[in-house]
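The primary structure of each chain is shown beneath.
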Amino acid sequence: MTIQRVFSDFTLCTLGALAPMTASAALAPMTAFEALTPASQAADAPAIVERLTEDEVLGEDSGKDPAWVDTSHRFATDRTLALTRWVDGFFGDVDSDTEIAESRLRLKLTTDWDDRLGTETRVSVGGKVNLPRLANRVDLVFRGDDPDELIAGDKEDPSQSQIGLQVLVDESAAGNHRTDFTVGLSSSGPKPGINYRYKTIWNPKTSFRFSQRAQYDFDDGAFATTKIDLDYALSKRSLVRTQNRMLYGEETDGVEWSTRVGVVRQWAVTNGFERAAYVYIGAKGNTEPKDDVENYQLGLRLRAQAIREFLFFELEPTLNHRIDSPAATREATWAIEARIELLLFD
């Protein structure tokens, strides 16, 4: 049994226990893809995928015709790109939102319940707004409240500001390399920084993304964040995603790190509204004053588009085995986050 078959069976069994899913829903087209993917991207990989017919990929002379190899390779690669972009757009990846050509804002209302820490409700805004007459190179950026963006369990990352300016310095023709100059805005003054991102397709089923962000705070000194993400496509609607984060600076506890691996499954429902589930396991810790793992986590992130194409509902229960303070013992605890999101386009 292959790794792909194991992950596929695991994903389908998990989602089957969470929500009924008919065969027709599983095979429904991704009608909301255009609403979640920038026009420039939607015209790229997904359009190519649609033009490729099944007969082209499953040709009879596959062993003899070199064109068949090129066609099938291109089909698989474009499908992987389309799936990765869909997951980023649907779940609201912060970096993905800030790199698109159009303005996009996400208004979120989040309630976080923890059986040991109590309940917290917060409102956040994420995304970016293009500033006119600046050659599409300067944007007003809102970092928002992306659970995948921060060191798991932390609400603030000092290497990035909640609001700031982003200036595109350089981007390769294919879009693999991108460099931005950033200026964070805060009560303590401006926070100059720089952000570099590299992404590529390793093979027809595997995509890779690396980013390095550095920022200087006149009060707390310099901080930096390294992120490494790897996606492996299981099918046209599911993938395995690994996420790794490292935060380090003058005021951090050595290197503060987090790692997570999970399976994302997407399907369409009635009226074209989409749903997705993300089952994951992860851990977070730091290297000072001693090398320690603060939390082991098992989580499920359920996200659904409903009522209108710009309205999303999300529920994320987690089981944590964590240490809340240096003197405390490690204990199991439940937490649940509920989110309502309003997606605004330019």
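Notes on the structure in this doc start here. This one's a predicted model, so the numbers in the text were calculated from it and none came from an experiment.

Calculation notes
- Residues numbered from 1 in each chain as written.
- Predicted model: local features only at pLDDT ≥ 70, side-chain atom pairs only at ≥ 80, totals over all residues.
- Heavy atoms only, no water.
- Helix = DSSP H or I, 4+ residues; strand = E, 2+ residues; numbered from the N terminus.
- Areas by Shrake-Rupley, 256 points an atom, 1.4 Å probe, with all protein chains shown as cover.
- Pairing = 2+ DSSP bridges.
- Contact = heavy atoms within 4.5 Å.
- Polar contact = N/O pair within 3.5 Å; in protein donor to acceptor, adjacent residues only side chain to side chain.
- Phe/Tyr/Trp six-rings, centres within 6.5 Å; stacked < 30°, edge-to-face > 60°.
- Buried < 20%, exposed > 50% of the residue type's maximum accessible area, 1.4 Å probe, protein only.
- Lys NZ or Arg CZ within 6 Å of the ring centre and 35° of its normal.

A few words on the overall build of the chain. Looking only at helices and strands, the chain features 8 helices and 14 strands. Summing over all exposed atoms, the chain offers an accessible surface of approximately 17300 Å²; the carbon and sulfur share of this is 60%.

Bridge count between strand S5 (residues 177-184) and strand S6 (residues 191-203): 8 bridges; the pairing is antiparallel. Looking across to S6, one finds that Arg178 is bridged to Arg197. Where S5 folds back on S6, the antiparallel hairpin that results is connected by 6 residues, among which Gly189 adopts a positive phi of roughly 120°. What sits between the antiparallel neighbours S6 and strand S7 (residues 206-217) is a turn of 2 residues.

A cis amide bond, omega 0°, links Glu288 with the succeeding residue Pro289. Tracing the backbone shows Pro289 in the loop between strand S11 (274-286) and strand S12 (292-305). One non-glycine residue, Ile307, adopts positive backbone phi at about 65°.

A word on the environment of Glu341. Here Glu341 lies in strand S14 (residues 331-345). Between the C-alpha atoms of Glu341 and Thr110, which are 231 residues apart in sequence, the distance is 8.6 Å. The contacts of Glu341, once residues within four sequence positions are left out, are Arg106, Leu107, Lys108, Arg303, Phe310, Leu311 and Phe312. Polar side-chain contacts of Glu341 include one of 2.9 Å to the side chain of Arg303.

On to the packing of aromatic side chains, then. Scanning the entire structure with this criterion turns up 3 aromatic pairs. Considering the side-chain rings of Trp202 and Phe208, the 4.7 Å spacing of their centres and the 10° angle between planes classify their relative orientation as stacked. In this structure Phe208 comes out as buried when scored by relative accessible area, which is 15%. With a centroid separation of 5.4 Å and 90° between ring planes, the pair formed by Tyr216 and Phe218 is classed as edge-to-face. In this structure Tyr216 comes out as partly exposed when scored by relative accessible area, which is 36%. A relative accessible area of 52% means that Phe218 is categorised as exposed. Here the guanidinium or amino end of Arg260 rests over the ring plane of Tyr280, the centre of that ring lying 4.1 Å away.

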